[in-house]
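Spelled out, the chains give:
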Amino acid sequence: MAVFDTPQEAFGILRPVCVQLTKVQTTENVERLQAQLQMVGDSALQELQEYVLFPLRFTLKTPGPKRESLVQSVVQCITFILSTTCVKKQDLVQELFSELCLCLSSPSGLQPPAPLSEELKLTVIQALHVLMHSAYGDIILTLYQPSTLPHLGFAVSLLLALAEKEQAKQIKLAALKCLQVLILQCDCLEHHRLLDTVETRQCGNLFASFLPGISIALSRVITGDIKQGHMVTVSAIKLFYHTVSLVMADEQLATITKDEEKPSVEKSRLSELVVHRGPDWVKSTADKLSLLIHKIVEFASLHPHWKVRMELVKLVHHLMLKCSQSLVESVGHLLKALVGLVNDESNEVQSKCHEILRSTAELRTVAENRALADILSENLHSLATALPRLMNSQDDQGKFSTLSLLLGSLKLLGPKVNIVLNSAAHLQRLSKALMQVLELDVADVKIVEERCWGPESSLGEPSDSLQHGLQEGKCQKKHFRFFIDERIFLLIQQVCRVLGYYGNLYLLVDHFMGLYRESVVYRKQAAMVLNELITGAAGLGVDVLHERETTVSTEDLKGTIMSILEDYTDQANWYLTTSVGTEGTSNELTVKHSRAHAIPGGAQSSSLISSFSPSSDPRPTIRSMNSNIWQICIQLEGVGSFAYVLRKEFRLLLTSVLYPVLEKAGDSTLLISQTAIGTMVDVCHACDYDSVQNLINANSDYLVNGISLNLRRVAHQPHASRVLEAMLRHSDASLLPLVEDVIRDVLSALDQFYDDRASSFLGVLSTLVAALVQWFVVVKGKEHPQKQNLEQQSSTSCQKQGKGSVITPMVQEVEQFFLDYIKQKQIAEGNLPAMEEEEEEVQDLPPEPEMNDTGAEGETPLPAHAQIAKDVMERCIHLLSDKSLRVRLKVLDVLEFCVTALHLHENHLLPMAHRAWPVLVTRLINDDPLAVLRAFKAPVSARAGPVYSHTLAFKLQLAVLQGLGSLCEKLDLGESDLNKVADACVIYLSAKQPVKLQEAARSVFLHLMCVDPMLPGSF
């Protein structure tokens, strides 16, 4: 704490110490002086400033070598004095400035920074920093005169050398901070005197002499080793743009007149150092700075630390704001840096870039500046030319940066982007680059392998959950050949949408449709681009900086979409081979043989088509099938995107679009069917349909008409059954009355084409009867809710009574059957009294009316769903003997659902079951390896190891054993038949058998005991 606040008291304690230091320059004397200074007040020290500084300055000026510890102590003491006082004399500021700089200089003068210790260097730099802040008022401007140029140049060269060559991070940072103070651009919290226009121009004239050296040295620091730390790079970038803006500011250069170009300097040698900022000098300097700015932008935009990238954004903003005219040649590099960081991984950098870009767009800096617009157009031309090469040679990060630059340039140009698009050569390069980078990886075999199995997998609630999942992520995830980073695909989407937003839509669609038709190699990529172009043209999901000049009308969008959809749903592009070995593949190939040759293109495209076209290769490869699958999926996604663009206007296009989409919803390839379902969900949302069921039911009239027409020419339209199958899977019971006639057509077609189309027709019939079971079958004694809702309008009470009249007599009949059996057995043994016989006769009378009632019900017409199930069962029984195992398995599935649908109508079910039984028995005793009874080879399973439980034979054995007991019990077999079953099953009770087979065999004998309790006694 200060003790001496008056100059007299302070002088009394300081004089002895100062005199001693003047006589003997030692570190101890300096430290003693500094200790005494701690007890002097600031006001007293201000009065004694020059007196106290004298011995310290005298120590520095003493000729001869000095110990570094002494110099460091002296500089630290000077720093303390300057930090608590103000320098009010011009000569003192200049002399102290020179003396401190000499502490860093080399005695030889060859190397500006002397080989001193890091501590001393840091101390001197801090002293210079404090000196610049301690200069009072206008005193600091005495350093910025033409006569002081040598002193300034010496200090600048020293500090630049320290910033560039020193290894210590603290020294680098301190030197850069001191340089920033030296150019009067300090950003500390202390109050600084603001320079007026004349003073700013005077400083600009002086530092114009140092601009080449400062800019070159700082560029080396910025692009130096990354190990120097991000703070050094940030400080160097900040110093760079402050120095450049001080010298090259448009406002300053505009006020320089002919008379002021050559300032008067007394000494001739000094006049050689002064730079005249005339037009020639400005142009020459701007060209050289352009090279340095390009170098800095290339390095800093890829720097791993976000603060460096943020400082680069500030550099761009600062120079664009103050030097856009003088540095017009560098504007392209500056904008490149800015737009390249728009999609930076750092949110802070992103938001800053967007803020600057929007302010640039609002100020019309580019749109109204012909020179800047020309530069951006030229840069876009160059980028479009190099884009194919860059997309082929760069890694993911490089592609991301290049595409970010492309996207930002398009956004800044806005409507002027057509300058580039109108050039056929550049549009061709741009499109080919997009085609190249969007090439899909179609080598994954899982795409072909994933199939849709079973009609029940998409019925009812599972469909809703699937639709919900597709609503979460509308597009299927794609794997691209030349990049992995998903951000690249999002960038490409934005590029295409911005092109559609600002560009000539007709020109772009025509160009990419040409690529779509040119070759199958470009077809998937062109379809992706077209989908995004239309989305961008509608202004959906596109991020732009300013509005376009004219908006595309709905009628123009509708016409363009109709043209694209016409190509998408063309048979040559819609019915592609997606699997091999399935029924109807050969017919598809035959149908498409003539279509493939209609695709336009040169010799190269023809060869590509021949290599990919299914017509040229009867056994298509995995790659070609995967390519076809993705093409169909992308086209389906396009349908969904177009629906969002047109909204309710898209309803007018459903008559030509919904039928093909439903065809793909019934496709056996999982990826295609999921995408088609997602497309239907998109159409529902866009066209204000409540659900997919509502969509199908509202358009069922023309769907049914299309199915009926195509069923009459199955050879040319083999997928009509898929549409009906998809309608049944994704609708409810209210659809049944609308499709009854179509179901009759399917059954008729099955009769005509059972030899080669049985599998596809059985698929839709399986879906049909599965839907009937779900919609109408009684579950645990209660009607299915869909059936109740459907039949509520006619007679709900009658249906409930009918239901009771069906179920109750069945139970009573079974019970009466067993009572009669017991009575008859007792009568046969002579154990029944005569009175009981009379009572039995009396009890036998009431069931007669019930039998009549039952007979009357048998004459009642079947409900529509039961009649359909009966008709399906009649058509399928004879197919049980088909030579194809796949057909036989599908028939068994259909019969299972038919029996379930007819189980309440025994008068109709039992005759059908009687007709089917002989064929089923034939299947059971068939010598086919997959026939069930071949699994009854007990010795094999008894000797097998643990792997046997995974074989088909084990599964067949287990299935037969699990169902054999209940079957024998229901058939009420005789003793000889029961013995045969028991003989066949007893060996499965062995401990050597697998445990599951033992349990299944035990269940068989439990059922046999219910039929004949004495049976186990014979074993």
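Residues numbered from 1 in each chain as written. Predicted model: local features only at pLDDT ≥ 70, side-chain atom pairs only at ≥ 80, totals over all residues. Heavy atoms only, no water.

Novice: Looking at this structure, I do not really get the overall build of the chain. What am I missing?
Specialist: Helices and strands together make up the secondary structure of the chain, namely 49 helices and 0 strands. The contacts of the chain with a sequence gap of at least 6 include a subset with a gap of at least 24, amounting to 76%. Counting only carbon and sulfur atoms, one obtains 55% of the accessible surface of the chain, whose full area is about 48600 Å². (Helix = DSSP H or I, 4+ residues; strand = E, 2+ residues; numbered from the N terminus. Contact = heavy atoms within 4.5 Å. Areas by Shrake-Rupley, 256 points an atom, 1.4 Å probe, with all protein chains shown as cover.)

Novice: Can you walk me through the packing of helix H38 (residues 736-752) against helix H43 (residues 864-877) in this structure?
Specialist: Packed helix pairs are characterised by how far apart their axes lie and by the angle those axes make with each other. Interaxial distance between H38 and H43 falls to 11 Å at its minimum, and their mutual angle equals 10 degrees. Relative to H43, H38 is oriented roughly parallel. From H38, Leu736, Glu740, Ile743, Arg744, Leu747, Ser748, Leu750 and Asp751 reach across to H43, where they touch Ala864, His865, Gln867, Ile868, Asp871, Val872 and Arg875. Of the residues that constitute the contact of H38 with H43, the class distribution is 7 nonpolar, 3 polar and 5 charged. (Axes fitted to C-alpha atoms, helices over the stretch in contact; angles between N-to-C directions. Parallel < 35°, antiparallel > 145°, perpendicular 65-115°, else oblique. Nonpolar A, V, L, I, M, F, W, Y, C, P; charged D, E, K, R; others polar.)

Novice: Explain helix H17 (residues 331-340) here, please?
Specialist: Taken across its 10 residues, H17 has 8 buried, putting it largely inside the fold. Every buried residue of H17 is accounted for by Val331, Gly332, Leu334, Leu335, Ala337, Leu338, Val339 and Gly340. (Buried < 20%, exposed > 50% of the residue type's maximum accessible area, 1.4 Å probe, protein only.)

Novice: Explanation requested: the side chain of threonine 243 in the structure shown.
Specialist: The topology assignment puts threonine 243 in helix H12 (residues 230-248). Here the side chain of threonine 243 touches leucine 239 through a polar contact of 2.7 Å, landing on its backbone oxygen. Once you skip the residues sitting within four places of it in the chain, threonine 243 turns out to touch Ile183, Leu211 and Ile214. (Polar contact = N/O pair within 3.5 Å; in protein donor to acceptor, adjacent residues only side chain to side chain.)

Novice: What is the right way to look at the pattern of salt bridges in this model?
Specialist: Opposite charge on two side chains permits them to pair, given that their charged atoms come into close proximity. One pass over the full model with this rule turns up 23 salt bridges. Connected through shared salt-bridge partners, Arg57, Lys61, Glu95 and Glu99 make up one network. (Salt bridge = Lys/Arg side-chain N within 4 Å of Asp/Glu carboxyl O.)

Novice: Hey, could you run me through the nonpolar core in this one?
Specialist: As a rule of thumb, soluble globular proteins bury nonpolar side chains together. If you look at the biggest cluster of nonpolar residues, it comprises 281 residues, and the most contacted ones within it are Met248 and Phe650. Looking at this core element by element, the count peaks at 13 residues for helix H39 (residues 758-776). The contacts of phenylalanine 650, once residues within four sequence positions are left out, are Leu565, Val639, Phe642, Ala643, Val657, Val683 and Cys687. (Core = buried A, V, L, I, M, F, W, Y, C linked by side-chain atoms within 4.5 Å.)

Novice: Even after reading the chapter, I still don't get helix H5 (residues 68-84), so can you show me in this structure?
Specialist: Since there are 3.6 residues in each turn of an α-helix, residues three or four apart along the chain are aligned in direction. Its 17 residues give H5 an end-to-end C-alpha distance of 25 Å, which sits within 8% of 24 Å, the value for a rise of 1.5 Å per residue. Close packing links the buried residues of H5 with helix H2 (27-37), helix H4 (49-61), helix H6 (90-104) and helix H7 (118-134). (Expected span 1.5 Å × (residues − 1).)

Novice: I would appreciate a short explanation of the environment of glutamine 90 in the present structure.
Specialist: With respect to the secondary-structure elements, glutamine 90 resides in helix H6. On a C-alpha basis, the gap between glutamine 90 and isoleucine 140 in space is 7.8 Å, while along the polypeptide they are 50 residues apart. Once residues lying within four places of it in the same chain are set aside, the contact partners of glutamine 90 are Ile139 and Thr142.

Novice: Is there a simple way to explain the packing of aromatic side chains in this structure?
Specialist: Aromatic rings in a pair are described by how distant their centres are and how their planes are angled relative to each other. In this structure the tally under the stated criterion is 10 aromatic pairs. Judged by centre distance (6.0 Å) and plane angle (40 degrees), the ring pair of tyrosine 144 and phenylalanine 207 falls under tilted. Taken together, the positions of tyrosine 144 in the loop between H7 and helix H8 (149-165) and phenylalanine 207 in helix H10 (residues 197-207) put the pair 63 residues apart, joining distant regions of the chain. Taken individually, tyrosine 144 and phenylalanine 207 each receive the classification buried, so the pair is uniform in this respect. (Phe/Tyr/Trp six-rings, centres within 6.5 Å; stacked < 30°, edge-to-face > 60°.)

Novice: Help me out: how do you make sense of the environment of serine 627 in this one?
Specialist: As for its placement among the helices and strands, serine 627 is situated in helix H32 (residues 622-646). The sequence separation of serine 627 and arginine 523 amounts to 104 residues, and the corresponding C-alpha distance is 9.6 Å.

Novice: Sorry, what's going on with a nonpolar patch on the surface here?
Specialist: Residues Leu885, Leu889 and Leu892 make up a contiguous nonpolar surface patch of about 230 Å² in total accessible area. Mapped onto the elements of the fold, leucine 892 is located in helix H44 (residues 885-901). A relative accessible area of 38% places leucine 892 in the partly exposed class. (Patch = residues over 30% accessible without salt bridge, like charges linked within 9 Å, V, L, I, M, F, W, Y side chains within 5 Å.)

Novice: Even after reading the chapter, I still don't get the packing of H4 against H6, so can you show me in this structure?
Specialist: Direction vectors running N to C along H4 and H6 enclose 30 degrees, while the axes themselves pass 11 Å from each other. Considering the relative orientation of H4 and H6, their crossing is left-handed. Facing H4, whose interface residues are Gln49, Glu50, Leu53, Arg57, Leu60 and Lys61, H6 presents Leu92, Glu95, Leu96, Glu99 and Cys103. Broken down by class, the residue content of the contact of H4 with H6 amounts to 5 nonpolar, 1 polar and 5 charged. (Left-handed = near helix turned anticlockwise from the far one by under 90°.)

Novice: Can you help me understand the confidence of the model for the chain in this one?
Specialist: Reading fine detail from the predicted coordinates is not recommended where pLDDT is low. When the pLDDT values of the chain are averaged, the result is 79; 79% of them are 70 or greater. In the predicted structure, residues 583-617 sits below a pLDDT of 50 and forms 53 contacts with residues beyond four places in sequence or in another chain. Low pLDDT (under 50) marks residues 834-858, which in the prediction has 11 contacts with non-local residues, meaning those over four places away or in another chain. (pLDDT = per-residue confidence, 0-100.)

Novice: When you look at unusual backbone geometry in this model, what are you seeing that I'm missing?
Specialist: A negative phi angle is the norm for most residues apart from glycine, just as the trans form is the norm for most peptide bonds. Of note, leucine 184 is a non-glycine position whose phi angle comes to about 60 degrees, a positive value. On the secondary structure map, leucine 184 appears in the loop between helix H9 (169-182) and H10. In the Ramachandran plot, arginine 647 falls in the positive-phi region, its phi being about 55 degrees despite a non-glycine side chain. Within the secondary structure, arginine 647 sits in the loop between H32 and helix H33 (654-665).

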